[in-house]
Amino acid sequence: METKKVLVVDDEQSIVTLLSYNLEQAGFKVVTAMDGEAGKRMALEQKLDLIILDLMLPKLDGIEVCKELRQQKVSTPILMLTAKDDEFDKVLGLELGADDYMTKPFSPRELVARVKAILRRSHFKQEELENEGEEGSIMIGKLKIYPEQYEAYYGDEQLEFTPKEFELLLFLAKNKGRVLTRDQLLSSVWNYDFAGDTRIVDVHISHLREKIEENTKKPVYIKTIRGLGYKFEEPKGE
């Protein structure tokens, strides 16, 4: 089995040393960067399986690194680290395309377990996409979704999504007609409980509506079911 390559981006040498040692002991190959610019450059130039990205970095902070990588279509899973237990940072990081989030201090064992979990999810999702093929495309109203290519179109216009936005759209579409609670969406798309941080879901739903609804105040695809959650529907008359 091919050794997985992990990039650690943190400006604290003690953290870099601790993470590198524990990840290497777990069988990973580790490369490191001490600032955001170097981390972004390595993420663009190297084939990586996962990026561990600190929030507070010199030259370019973690939020900006994550944002720029996703804008340049880098889909490598990102685990963000922060010394602040701050809900705004957490929501913003995930909103911009991070896959997971941990607050310092953390145990190395917990971090290695989280890394393995993210890589397992990434592997299973890739296998699922490879097995679906063209015939797995989904048509709902004017919306056409190609899971294998990670692409979606509204009519003839290709839509731009962060990886998490696309995964949320795909999950909603695959469950068309079902009422899904925010907790169900957190568990299924983000894969673990964010301790009730359902605002993450609402932010992503808002972004999806801006891209697929002609009138976000009167959505025809993603309906809010008051007191329960959301439901993806086939627009009437489409």
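Here the structure is a predicted model, which means the values were calculated and not measured.

## Looking at the overall build of the protein chain
Link 1 in the chain: Helix and strand content of the protein chain: 8 helices and 12 strands.
Link 2 in the chain: Residues classed as buried in the protein chain amount to 51% of the 238 residues present.
Link 3 in the chain: In the protein chain, once contacts between residues fewer than 6 apart in sequence are set aside, the share between residues at least 24 apart is 56%.
Link 4 in the chain: Here the protein chain has roughly 12,100 Å² of accessible surface; of this, 47% comes from carbon and sulfur atoms.

## Section: helix α2 (residues 36–45)
Link 1 in the chain: Taken as a whole, α2 has its buried residues at G36, A38, G39, K40, M42 and A43.
Link 2 in the chain: Each element contacted by the buried residues of α2 is listed here: β1 (5–9), β2 (29–33), β3 (50–54) and α3 (62–71).
Link 3 in the chain: Two or three places before E37, at the start of α2, stands the capping residue D35, its side-chain oxygen 3.0 Å from that residue's backbone nitrogen.

## Notes on the pattern of salt bridges
Link 1 in the chain: On inspection of all chains with the given rule, the structure shows 17 salt bridges.
Link 2 in the chain: Across the pair K59 and D35 runs a salt bridge whose closest N-O atoms are separated by 3.9 Å. Here D35 lies in the loop between β2 and α2 and K59 lies in the loop between β3 and α3, a separation of 24 residues in the sequence.
Link 3 in the chain: In this structure K59 comes out as exposed when scored by relative accessible area, which is 62%.

## Regarding the sheet that holds strand β4 (residues 78–82)
Link 1 in the chain: Read across the open sheet, the 5 strands follow the order β2-β1-β3-β4-β5; overall the sheet is parallel. Each edge of the sheet is formed by a strand with only one pairing partner; in this case those strands are β2 and β5 (100–103). For this sheet, the mean inter-axis angle between neighbouring strands, taken without regard to orientation, is 20°.
Link 2 in the chain: One ladder, built from 4 bridges, connects β4 with β5; its direction is parallel. Within β5, the residue paired with T82 across the bridge is T103.
Link 3 in the chain: This element, helix α1 (residues 13–25), spans β1, β2, β3 and β4 of the sheet and lies at about 165° to β2.

## Considering the sheet that holds strand β10 (residues 179–181)
Link 1 in the chain: Here we have 3 strands laid out as an open sheet, ordered β10-β12-β11, and antiparallel in their pairing. Whereas interior strands pair on both sides, the edge strands pair on one side only; in this sheet they are β10 and β11 (222–225). Looking at each pair of strands side by side, their axes are set apart by 35° on average, direction ignored.
Link 2 in the chain: Pairing geometry for β10 and strand β12 (residues 229–232), over 3 bridges, is antiparallel. When the sheet's bridge partners are listed, T181 is paired in β12 with G229.
Link 3 in the chain: In the packing of helix α7 (residues 182–190) onto the sheet, the strands contacted are β10 and β12, and the crossing angle to β10 comes to about 80°.
Link 4 in the chain: The sheet contacts of helix α8 (residues 199–212) involve β11 and β12, and relative to β11 the element is tilted by about 145°.

## Notes on the UniProt feature "modified residue: 4-aspartylphosphate" (unreviewed entry) in the protein chain
Link 1 in the chain: According to UniProt, the feature "modified residue: 4-aspartylphosphate" (unreviewed entry) maps to D54 in the numbering used here.
Link 2 in the chain: Among the residues examined, D54 registers a relative accessible area of 3% and is labelled buried.
Link 3 in the chain: Among all residues touching D54, those that are not within four sequence positions of it are V9, D10, D11, G62, L81, T82 and K104.

## What about the pairing of β12?
Link 1 in the chain: Pairing of β11 with β12 involves 4 bridges; the strand directions are antiparallel. In the strand pairing of β12, I222 is matched with F232.
Link 2 in the chain: Linking β11 to β12, which pair antiparallel, is a turn of 3 residues; within it G227 sits at a positive phi near 80°.

## Some thoughts on unusual backbone geometry
Link 1 in the chain: Note that the residue after K104, namely P105, is joined by a cis bond; omega there is -5°.
Link 2 in the chain: Position of P105 relative to the elements: it lies in the loop between β5 and α5 (108–132).
Link 3 in the chain: Backbone geometry places K59, a non-glycine residue, at a positive phi of 75°.
Link 4 in the chain: Phi is positive for K73, close to 65°, though the residue is something other than glycine.
Link 5 in the chain: In this structure, K73 sits in the loop between α3 and β4.
Link 6 in the chain: Accessibility expressed as a relative area gives 55% for K73, which makes it exposed.

Quick notes on the rules
Residues numbered from 1 in each chain as written. Predicted model: local features only at pLDDT ≥ 70, side-chain atom pairs only at ≥ 80, totals over all residues. Heavy atoms only, no water. Helix = DSSP H or I, 4+ residues; strand = E, 2+ residues; numbered from the N terminus. Buried < 20%, exposed > 50% of the residue type's maximum accessible area, 1.4 Å probe, protein only. Contact = heavy atoms within 4.5 Å. Areas by Shrake-Rupley, 256 points an atom, 1.4 Å probe, with all protein chains shown as cover. Polar contact = N/O pair within 3.5 Å; in protein donor to acceptor, adjacent residues only side chain to side chain. Salt bridge = Lys/Arg side-chain N within 4 Å of Asp/Glu carboxyl O. Pairing = 2+ DSSP bridges. Axes fitted to C-alpha atoms, helices over the stretch in contact; angles between N-to-C directions. UniProt positions renumbered as here; feature names shortened; annotations may be inferred.

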